[in-house]
Amino acid sequence: MTELIRRAQKGDAEAFVELIDTQRQTLYKVARGYLREQMDIDDAVADTVLACWENIAALRSAAYFRTWLIRILINKCTDILRSREHTVPLDSIGDTVESAGDNGIGFATLVECLDEQYRAVFILYYSEGFKIREISRILDIPAGTVGSRLERGREQLRKRLEKGGVW
């Protein structure tokens, strides 16, 4: 991947496309955690890819490419949410999420029920496998805050599930 990044930084469009292809699933999962409408998800991913292409030469270290890319995506998702004053009513959650556990509640459904401050941390940690320090860099918050948001988010989910459901 480091070689692809270096080639992309030199303007190699084919290397950039190959590089983005390796991150496509991650981009969609993270965007889906923030945004509900498919059009918004597609817009956020497209805007992220464009911003990445325009600014990849400024990336200082290839080791941080994934962190840098996800941070751009989160900023794009936040911009979309602000510009559209987009909210997700809980009764609009569809049946399109993957099944998780014996109760049939999918990860995406659980994450959508979390307060926004916990949602990004959950997606990055549980779905994408980022470490707490990496999440700290992506979201530009202290590592201790990431840990406490994970803990508080788990507690929020536990309470909702004890009440008989996430809704």
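Quick summary incoming for the structure in this document. What you see is a predicted model; the values in this text were computed from it and never measured.

Cut-offs used in this document
- Residues numbered from 1 in each chain as written.
- Predicted model: local features only at pLDDT ≥ 70, side-chain atom pairs only at ≥ 80, totals over all residues.
- Heavy atoms only, no water.
- Helix = DSSP H or I, 4+ residues; strand = E, 2+ residues; numbered from the N terminus.
- Buried < 20%, exposed > 50% of the residue type's maximum accessible area, 1.4 Å probe, protein only.
- Contact = heavy atoms within 4.5 Å.
- Areas by Shrake-Rupley, 256 points an atom, 1.4 Å probe, with all protein chains shown as cover.
- Salt bridge = Lys/Arg side-chain N within 4 Å of Asp/Glu carboxyl O.
- Axes fitted to C-alpha atoms, helices over the stretch in contact; angles between N-to-C directions.
- Parallel < 35°, antiparallel > 145°, perpendicular 65-115°, else oblique.
- Left-handed = near helix turned anticlockwise from the far one by under 90°.
- Nonpolar A, V, L, I, M, F, W, Y, C, P; charged D, E, K, R; others polar.
- Phe/Tyr/Trp six-rings, centres within 6.5 Å; stacked < 30°, edge-to-face > 60°.
- Lys NZ or Arg CZ within 6 Å of the ring centre and 35° of its normal.
- Bend = angle between axes of the 7 residues up to and from the residue.
- Polar contact = N/O pair within 3.5 Å; in protein donor to acceptor, adjacent residues only side chain to side chain.

1. Side note on the overall build of the protein
Thinking step 1. Per the secondary structure count, the protein includes eight helices and zero strands.
Thinking step 2. Going from N to C terminus, the protein has its helices and strands arranged as α-α-α-α-α-α-α-α.
Thinking step 3. Residue burial in the protein is summarised as follows: out of 167 residues, 41% are buried.
Thinking step 4. Long-range contacts, defined as pairs at least 24 residues apart, comprise 64% of the intrachain contacts of the protein with a sequence gap of at least 6.
Thinking step 5. Put simply, the protein shows about 9600 Å² of open surface, and 47% of that area lies on carbon and sulfur atoms.

2. What about the pattern of salt bridges?
Thinking step 1. Counted according to the given criterion, the structure contains seven salt bridges.
Thinking step 2. Across the pair Arg-71 and Asp-140 runs a salt bridge whose closest N-O atoms are separated by 3.4 Å. Here Arg-71 is found in helix H4 (residues 65–84), whereas its partner Asp-140 is found in the loop between helix H7 (132–139) and helix H8 (143–162), with 69 residues between them in sequence.
Thinking step 3. With its nearest N and O atoms 3.1 Å apart, the salt bridge here joins Glu-151 to Arg-154. Placement of both Glu-151 and Arg-154 in helix H8 is noted, with a separation of three residues, approximately one turn of the helix.
Thinking step 4. For Arg-154, a relative accessible area of 33% puts it in the partly exposed group.
Thinking step 5. One network of salt bridges, in which partners are shared, links Lys-29, Arg-66 and Glu-128.

3. Details of the packing of helix H2 (residues 13–34) against helix H6 (residues 116–127)
Thinking step 1. The N-to-C vectors of H2 and H6 enclose an angle of 150°; their axes lie 9 Å apart at closest approach. Taken together, the axis directions place H2 and H6 in an arrangement best described as roughly antiparallel. As for the relative orientation of H2 and H6, their crossing is right-handed in sense. Each of Lys-29, Val-30, Gly-33 and Tyr-34 in H2 lies in contact with H6, whose residues at this interface are Arg-119, Ala-120, Ile-123, Leu-124 and Ser-127.
Thinking step 2. Grouping the amino acids of the contact of H2 with H6 by side-chain chemistry returns five nonpolar, two polar and two charged.

4. Quick notes on the packing of aromatic side chains
Thinking step 1. The tally for this structure, following the rule as stated, stands at four aromatic pairs.
Thinking step 2. Seen from their ring centres, Phe-65 and Trp-68 are 6.1 Å apart, and the 45° between their planes marks the pair as tilted. Of the two residues, Phe-65 and Trp-68 both sit in helix H4, three residues apart, roughly one turn of that helix.
Thinking step 3. Within the aromatic cluster, the residues linked to one another by ring pairs are Phe-122, Tyr-125 and Tyr-126.
Thinking step 4. When the ring centre of Phe-130 is taken as reference, the NZ or CZ atom of Arg-66 above it lies at 4.3 Å.

5. So, H2
Note that an α-helix has 3.6 residues per turn; residues three or four places apart therefore point the same way.
Thinking step 1. At Gln-23, H2 shows its maximal bend, which comes to roughly 50°.
Thinking step 2. All of the buried residues along H2 are Ala-15, Phe-16, Leu-19, Ile-20, Gln-23, Thr-26, Leu-27, Val-30, Ala-31, Gly-33 and Tyr-34.
Thinking step 3. With a side-chain oxygen positioned 3.0 Å from the backbone nitrogen of Glu-14, the residue opening H2 is Asp-12.

6. Concerning the side chain of Thr-67
Thinking step 1. Inspection of the secondary structure puts Thr-67 in helix H4.
Thinking step 2. Judged by its relative accessible area of 7%, Thr-67 falls in the buried class.

7. Describing unusual backbone geometry
Thinking step 1. Phi is positive for Asp-140, close to 60°, though the residue is something other than glycine.
Thinking step 2. Judged by relative accessible area, Asp-140 falls into the exposed class, the value being 56%.

8. Quick word on the environment of Arg-7
Thinking step 1. Looking at where Arg-7 falls in the secondary structure, it is placed in helix H1 (residues 2–9).
Thinking step 2. Leaving out residues up to four positions away in the same chain, Arg-7 has contacts with Asp-12 and Ala-15.

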